[in-house]
2 protein chains.
Amino acid sequence: MTLLCPSHASMSSHAKMASPTETERCIESLIAVFQRYAGRDSNNFTLSKTEFLTFMNTELAAFTKNQKDPGVLDRMMKKLDLNSDGQLDFQEFLNLIGGLALACHDTFKRSQKFV
Amino acid sequence: MTLLCPSHASMSSHAKMASPTETERCIESLIAVFQRYAGRDSNNFTLSKTEFLTFMNTELAAFTKNQKDPGVLDRMMKKLDLNSDGQLDFQEFLNLIGGLALACHDTFKRSQKFV
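Looking at an unreviewed UniProt entry, one finds chain A named Protein S100 and attributed to Myotis davidii. According to the UniProt record, the Subunit (unreviewed entry) comment for chain A is "Homodimer; disulfide-linked."

What follows deals with the interface of chain A and chain B. As a measure of interface size, the accessible area lost when the parts come together is often cited. Each partner contributes residues to the interface: chain A has 54 residues there, and chain B has 54 residues. Close ionic contact of arginine 36 of chain B with glutamate 22 of chain A constitutes a salt bridge, the shortest N to O distance being 2.6 Å. The tally of links from chain A across to chain B stands at twelve residue pairs in polar contact (both at pLDDT 80 or more). Of all the secondary-structure elements, those providing two or more residues to the side of chain A that touches chain B are α1 (8-17), α2 (22-38), α3 (49-59), α4 (61-64), α5 (72-80) and α6 (90-112) of chain A. For the side of chain A that touches chain B, the element with the highest residue contribution is α6 of chain A, accounting for 18 residues.

Let us now look at the packing of helix α2 (residues 22-38) of chain B against helix α6 (residues 90-113) of chain B. All names here are of chain B. For the pair α2 and α6, the least separation of the axes is 11 Å and the interaxial angle reads 120 degrees. If you check the angle between α2 and α6, you find them oblique. Every pair of crossing elements has a handedness; the one defined by α2 and α6 is right-handed. Contact residues: α2 offers Leu30, Ile31, Val33 and Phe34, while α6 offers Phe90, Phe93, Leu94 and Ile97. Tallied by class, the residues present in the contact of α2 with α6 amount to eight nonpolar, no polar and no charged.

Turning our attention to the environment of lysine 79 of chain B. Its place among the elements puts lysine 79 of chain B in helix α5 (residues 72-80). Lysine 79 of chain B sits 16 residues away from asparagine 95 of chain B along the chain, and the two C-alpha atoms are 10 Å apart.

To continue, consider helix α3 (residues 49-59) of chain B. When we look at burial in α3 of chain B, the residues that qualify are Glu51, Phe52, Phe55, Met56 and Glu59 of chain B. Buried residues of α3 of chain B fall within an arc of 135 degrees about the axis and therefore sit on the same side.

Cut-offs and rules
Residues numbered from 1 in each chain as written. Chains lettered and ligands numbered in written order. Predicted model: local features only at pLDDT ≥ 70, side-chain atom pairs only at ≥ 80, totals over all residues. Heavy atoms only, no water. UniProt positions renumbered as here; feature names shortened; annotations may be inferred. Contact = heavy atoms within 4.5 Å. Salt bridge = Lys/Arg side-chain N within 4 Å of Asp/Glu carboxyl O. Polar contact = N/O pair within 3.5 Å; in protein donor to acceptor, adjacent residues only side chain to side chain. Helix = DSSP H or I, 4+ residues; strand = E, 2+ residues; numbered from the N terminus. Axes fitted to C-alpha atoms, helices over the stretch in contact; angles between N-to-C directions. Parallel < 35°, antiparallel > 145°, perpendicular 65-115°, else oblique. Left-handed = near helix turned anticlockwise from the far one by under 90°. Nonpolar A, V, L, I, M, F, W, Y, C, P; charged D, E, K, R; others polar. Buried < 20%, exposed > 50% of the residue type's maximum accessible area, 1.4 Å probe, protein only. Arc of directions from axis to C-beta.

Now the structure itself:
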C-alpha cells in the first residue's frame, strides 16, 4: 500500500498552508489516538491488553457499556490480534476501527432503505 | 466483524448525552465523507471513478498534487476495486484510508527512531 502513502511531512506542510480536510483530520486522529494509548507502557508502538481495555473503556465507552457479555472485550482482543503476540499493532487497530465503521455504515444503509 | 459493531443509534444517543470522543468523531467522519462523495450520482452507496477522482482531488489534494505520475489515481482505483466492478464500496474506501494511515504511521515510527 506504499503507493497510497503521502509523506507525513507533506500532510503537515499542507496543514500549515490551509486547514486540513475532514479526511486528513481523520487520518491524523487515528494515528494520534493510537499513539496516545499505545504510549502508556514501554512499547510505544503496540497496544497491550491493558492499553486496549483502557482505549475501549474511554474512547468507545458507549459501545463497551452496552455489552451484556463480560467476555466480549477479551474475545475482541483475541480476534483482532492476528499474529497472536498479545499486542495490537497499528494495522490490527485499524481493523478494529474499520470493522466498527463498516458495521455502522451497514446500519445506516439499512435505515436508508426504509426511508 | 458484527461482534465489533455498536448500533448507529447507540452512538447517536451517546452523542446527545456527552460530546463524542475523538474515535467516535473519526468513525462518523469516515461515514459522512464517503456518503458525501458517493451520493453525487444515482448509486449512493459506492464511489464511481468520477466520484473517486473528486474525492481525491478535494479531500486528499495535498497528496494528489504531489504525484508526478498522471496515471497514479487510475492505478489506485484499479488496485482498490477488489471485485473489479468499476466502483468502490465502503469497505474498499476503508482500505484506502487504512493504507494511507498505515503509511503515515510508518513514517512517524521511522522518525521516532532517530529522535
